Structure formats: structure tokens, C-alpha cells
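Fold and contact review
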Amino acid sequence: MQIYKVGGAVRDRLLGKPVTDIDWVVVGATTEEMLALGYRPVGADFPVFLHPKSGEEYALARTERKSGRGYGGFTFHASPEVTLEEDLIRRDLTINAMAEDNQQNLTDPYHGQRDLEDRILRHVSPAFAEDPLRVLRVARFAARYADLGFTVAPQTLELMRQLSESGELQALTAERSWKEISRALMEDQPQVFIQVLRDCDALRVLMPEVDALFGVPQPEVHHPEIDTGIHTLSVLEQSALHKQPLTVRWACLLHDLGKGLTPTEEWPRHIAHEHTGLKLIKAVNERFKAPKDCQELALLVGKYHTHGHRALELKASTLLELLQSFDVYRRPQRFEEFIVACEMDARGRKGLEQRSYPQADYLRGAAKAAREVAVQPLLEKGLKGPELGEALKRERLKALKVYKENA
Ligand code: ATP
Ligand code: MG
């Protein structure tokens, strides 16, 4: 048997990027031989094994054929006769379809190295169109390598468009899609992921609520970029520049969905978009079964981001309601994530990227003031149950009034 390094490890070594996980392909071996060598089988789907010591993935060389809709509709064929070239041709991009042996001799039948040098993301063969997940993968690689100047080859983008139009994208499970989406959002340029999905019309299929924001104007005084879609991309870009966690990036992507529902007569204003957007945010959350913390933050940021921007003008009672809505006493971190999402929203505007955002520290101070109200003295007065709750609220309101006066 021969063993080769494949995929990301080869690509990233050639790019001079750190290699995190290594995938291996084994040519000329049977399952029985692998088991006899102590490799542990994983998953029922493919002949993939874990190395007994390193735990890295070793897959028998295989060919694949499409046999139905969606990912389940794949049949594969693994046998000792399958060659390295045959295994590599089933892969998504040429830059991911290179292999190297333990002497670093490169096997590159589909010219991945040339495409690496030319900074091109190109499909390996027309079989690319057999798995719709590749649309998301290519967009994710475009986001990851945008800083190096990579772009998607026009023919590949065309195949991605065909996949989007064929209805195959809808066949993806929420789990497979979310895995790609969440990884893409954590790249340095997540806005490129959304832009590429839009370029091949996949955004209209996957997140029509986000796609609908393009072409929707906003008032130029607050939004020099005018277009709500462009604004959304910029907010996402800011969230990555400021190294925000996934929860915040997800909330940034979805915060303005309500603007896509504004009747055109009302443009460029978007009265109450915070409320109209909530059902759309909920729909996108559920479509991809986003984790609970992402879902919650997206809904809260959607609902309250204008409160964040107007923080300094809010009455003490409104500030209190805001803090209560976030349950800031038990969930201080979530409120902090709300604050930074608002800041990203404020900076994700043309020419305003460097603006100061005094609202952030003001809100932090308000949260601190409310959280510092001690419960003990109220308990000592013998208060309990709803009475205690009311008294606590009154004390917090007092504290916020004092905070406002001194701020
Ligand atoms: P990463 O750095 O994100 O791990 P990677 O290229 O190693 O990048 P993996 O998901 O680990 O990505 O997959 C390993 C290899 O398997 C890829 O390089 C590619 O050759 C192939 N591959 C993975 N998923 C697909 C797919 N859906 N369609 C075609 N080939 C795929
Ligand atoms: Mg990998």
C-alpha cells in the first residue's frame, strides 16, 4: 500500500500557511489490511480510518458516483485497484486535489499548483456539480484566501449558479450547511463568503432574507453607503476585523433583515424594522438550526440595536427595560456581545469605520450600575417574592438615574 498526504495539508504547506489537520489517502489497501494494522474504522458511510497513534484520518482511495438527490445520494467504490488520480478527481477544487508522498513528491494531475500560483479556485471536473455543499465550500475558501487574492474561476462560478438554480441546494441538511456557514463566518473576511454566494445566486436560495437587502436604500445621513446589502457586508467585515465571536458575527449578518420588508413608498426610511425583522431572523435561525446562543443574540440584536445607538438619550426606565430584557444580572456576557454588535453596526458604514462609539462604554457603565444594586439590604427588610422583585427594580432604576446624571 502507498500512503499520501492530501487536501488541505498539501495546499496549505504550498501556500506557506500553518497546517492544522492532516488528511491521508491510502492506495492499494483493503479494509481488512487496515484493520489488521490497528487502524480504527470511523463512520459507516466511507472507508475511513483513524491512525492507532496519531488519530489522523486515513481514507481508502475511492471513486464516487451520484445516485440521487442530496448527500445521501452518493455511491462510492473503494478497492485496492482505485488509483490516486481517480481518488483526486472526485475532489472539489484543483488546489484541494493534490497529494504528496513522504518525500514531498507532489502528485498534481489537475494542476492545483498552477491554480495556487494564479490564485484561482477552480473545480476539478464536471462532477463538481454532484454535491451542492461544494457551493458553500468554495465560498468559504474564497473568504479564507481573499487576503491572498484568490478568486473563483468563472466556469466554477457558473457551475455553482447551476447548482443554485437546480434546487439541489435545498437538499442540504441544516447540519452540513451550518458547519460551512459557521466556519466561513469565522474566517478573516466572512463578507467575501456572502458576496460569493450572492454572485452565484446561492444567497437567494439559502438566505433570501439577506439577499433581499441588496438594492434597498437607507438614509444617506446615517448610511453613506446607502445600500442595505452593502451595509450588512461591511458590518460583517467589521466584526471580523475586531475578532468577534461567532455569536456576534451571526447577529451582525441578520440584524437588519426587517429592512427588506419595508414598503418601497417608505424608502429610504425603515420605521420599526427592528420588529418586522424578528420573524425573518427566527426563520433563518431555524433553517440552519443555529446554536442557541447564536439564535438568541441575533434576535436580541435585531430587536434592540437602535436602542444601542440611542443609548445616551434613553430614559432611565428604558435603560432598565433593556437591561432586564437581556437578563444582564445573570448573563453579563450576552449583553457585552450585544454592545459590540451595535458597535460593529455603527462602524459598518462607508467612511465611518473609525468613528468612536461612546454608547458602548455608556451601556457598560449602566449595566454595572444596575448590577451593583445589592439584594442583601432588601432581604434584610424581609422582602420576598414579587415584592422583592419590585423593590429591586426600583433600586436599580434609582441607580440608573444617578448614573445618567453623572455620566
Ligand atoms: P480545511 O483546512 O478546512 O480542513 P480541507 O481542504 O482539508 O480544508 P476537509 O474538509 O478537511 O478540507 O477535506 C479534505 C479534503 O477532502 C479536501 O481538501 C477535498 O479534497 C476533499 N473534500 C472534502 N469535502 C469535499 C466535498 N464536499 N466535495 C469534494 N471534495 C471534498
Ligand atoms: Mg482538512
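Conventions used here
Residues numbered from 1 in each chain as written. Chains lettered and ligands numbered in written order. Predicted model: local features only at pLDDT ≥ 70, side-chain atom pairs only at ≥ 80, totals over all residues. Heavy atoms only, no water. 1 Å grid on protein atoms, 1.4 Å probe; cavity = no way out; pocket = protein on both sides within 12 Å on 5 of 7 lines; lining within 4 Å. Points joined across faces, edges and corners; volume = space filled by probe spheres on them. Helix = DSSP H or I, 4+ residues; strand = E, 2+ residues; numbered from the N terminus. Nonpolar A, V, L, I, M, F, W, Y, C, P; charged D, E, K, R; others polar. Phe/Tyr/Trp six-rings, centres within 6.5 Å; stacked < 30°, edge-to-face > 60°. Lys NZ or Arg CZ within 6 Å of the ring centre and 35° of its normal. Near = heavy atom within 4 Å. Polar contact = N/O pair within 3.5 Å; in protein donor to acceptor, adjacent residues only side chain to side chain. Areas by Shrake-Rupley, 256 points an atom, 1.4 Å probe, with all protein chains shown as cover. Sits in = over half its atoms within 2 Å of the grid points. Pairing = 2+ DSSP bridges. Contact = heavy atoms within 4.5 Å. Axes fitted to C-alpha atoms, helices over the stretch in contact; angles between N-to-C directions. Domains from an automatic or database assignment. Buried < 20%, exposed > 50% of the residue type's maximum accessible area, 1.4 Å probe, protein only. Arc of directions from axis to C-beta. Parallel < 35°, antiparallel > 145°, perpendicular 65-115°, else oblique. Left-handed = near helix turned anticlockwise from the far one by under 90°. Salt bridge = Lys/Arg side-chain N within 4 Å of Asp/Glu carboxyl O. Disulfide = S-S within 2.5 Å. Patch = residues over 30% accessible without salt bridge, like charges linked within 9 Å, V, L, I, M, F, W, Y side chains within 5 Å.

Attention now goes to the layout of surface pockets. Space left empty within the atom packing is revealed by a probe, the size of a water molecule, rolled over the atoms. Roughly 1,400 Å³ of volume is contained in the largest pocket. Contributing elements (two or more residues each) for the lining of the largest pocket: α1 (8–15), β2 (23–27), β5 (57–60), β6 (62–66), α5 (133–144) and α7 (174–185). Looking at the lining of the largest pocket residue by residue, the class counts come to 15 nonpolar, five polar and 22 charged. A volume near 440 Å³ is recorded for the second largest pocket. Lining the second largest pocket are 20 residues, with H222, K259, H270, H273 and T306 sitting closest to its centre. Elements supplying a minimum of two residues to the lining of the second largest pocket: α13 (273–276) and α15 (292–309). At three residues, α15 tops the list of elements feeding residues into the lining of the second largest pocket.

This next bit is on the packing of aromatic side chains. Taken as a whole and assessed by the stated rule, the structure comprises 10 aromatic pairs. Ring centres of F326 and F335 lie 5.2 Å apart, and the angle between their planes is 70 degrees; this geometry places the pair in the edge-to-face category. In textbook terms, an aromatic cluster arises when at least three aromatic residues are bridged by ring pairs, as seen for Y304, F326, F335 and F338. A cation sits over an aromatic face here: R140 above F141, 4.9 Å from the ring centre.

Turning to the site of ligand 1, a few remarks are in order. Every one of the 16 residues lining ligand 1 counts as a neighbour, but R11, N96, R134, R144 and R183 are closest to it. In this structure, an oxygen atom belonging to ligand 1 sits 3.3 Å away from a side-chain N or O atom of D23. At 3.0 Å from an oxygen atom of ligand 1 is found a side-chain nitrogen or oxygen belonging to R137. Computed on the free molecule, ligand 1 has an accessible area of 580 Å², of which 83% lies beneath the protein chains in the complex. Applying the majority rule of atoms within 2 Å of the grid points places ligand 1 in the largest pocket. In terms of residue count, α5 provides more of the shell around ligand 1 than any other element does, five residues in total.

Strand order in the open sheet formed by seven strands is β3-β4-β5-β2-β1-β8-β9, and the pairing between neighbours is mixed. The open sheet terminates on both sides in strands that have one partner only, identified here as β3 (40–42) and β9 (106–107). For strand β1 (residues 2–6) and strand β8 (residues 99–100), the ladder comprises two bridges, and the chain directions are antiparallel. When the bridges of β8 are listed, K5 appears paired with E100. Those strands touched by α1 are β1, β8 and β9, and its axis lies near 55 degrees from that of β1.

By domain assignment, the protein chain separates into domain 1 (1–112) and domain 2 (376–406). Each of domain 1 and domain 2 has a C-alpha centre, and the two are 63 Å apart.

All right, on to helix α14 (residues 278–287) then. Of all the residues in α14, the buried ones are L280, I281, V284 and N285. End-on view of α14: buried residues confined to an arc of 140 degrees, all on one side of the axis. Contacts made by the buried residues of α14 are with α10 (208–211), α12 (246–254), α13 and α15. In the stretch just after α14, K289 is the one whose phi turns positive, near 45 degrees.

Direction vectors running N to C along α15 and helix α16 (residues 316–325) enclose 160 degrees, while the axes themselves pass 12 Å from each other. The pairing of α15 with α16 is recorded here as roughly antiparallel in orientation. Of the two possible hands of crossing, α15 and α16 adopt the one that is left-handed. Residues L300, Y304 and H307 of α15 pack against T318, L322 and S325 of α16.

Attention shifts here to the pattern of salt bridges. On inspection of all chains with the given rule, the structure shows 31 salt bridges. Ionic pairing is found between E175 and K289, a salt bridge with its closest N-O pair at 3.3 Å. Of the two residues, E175 sits in helix α7 while K289 sits in the loop between α14 and α15, which places them 114 residues apart along the sequence. On the basis of relative accessibility, which here comes to 48%, the residue E175 falls in the partly exposed class. Of the charged contacts in the structure, one is a salt bridge between R347 and E343, with a shortest N-O distance of 2.7 Å. Of this pair, R347 and E343 both sit in helix α17 (residues 332–347), separated by four residues, roughly a single helical turn. Across the pair, E343 and R347 agree in class, each one buried. Linked through salt bridges whose partners overlap, the residues forming this network are R62, E64, D87, R90 and R91.

Moving on: the state of the cysteines. On inspection of all chains with the given rule, the structure shows zero disulfides. Cysteine C342 is unpaired, with the sulfur of C252 as its nearest cysteine sulfur at 9.0 Å. Taking relative accessible area as the criterion, C342 reaches 1% and is therefore assigned buried.

We now examine a nonpolar patch on the surface. A cluster of nonpolar side chains, M1, I3 and L37, forms an exposed patch at the surface whose accessible area comes to about 260 Å². One can find M1 in the segment before β1. Residue M1 is classed as partly exposed on the basis of its relative accessible area, which comes to 43%.

Now for the environment of E81. In this structure, E81 sits in the loop between β7 (74–78) and α3 (84–89). Taking C-alpha positions, E81 is 9.7 Å from T30, a pair spaced 51 residues apart along the chain.

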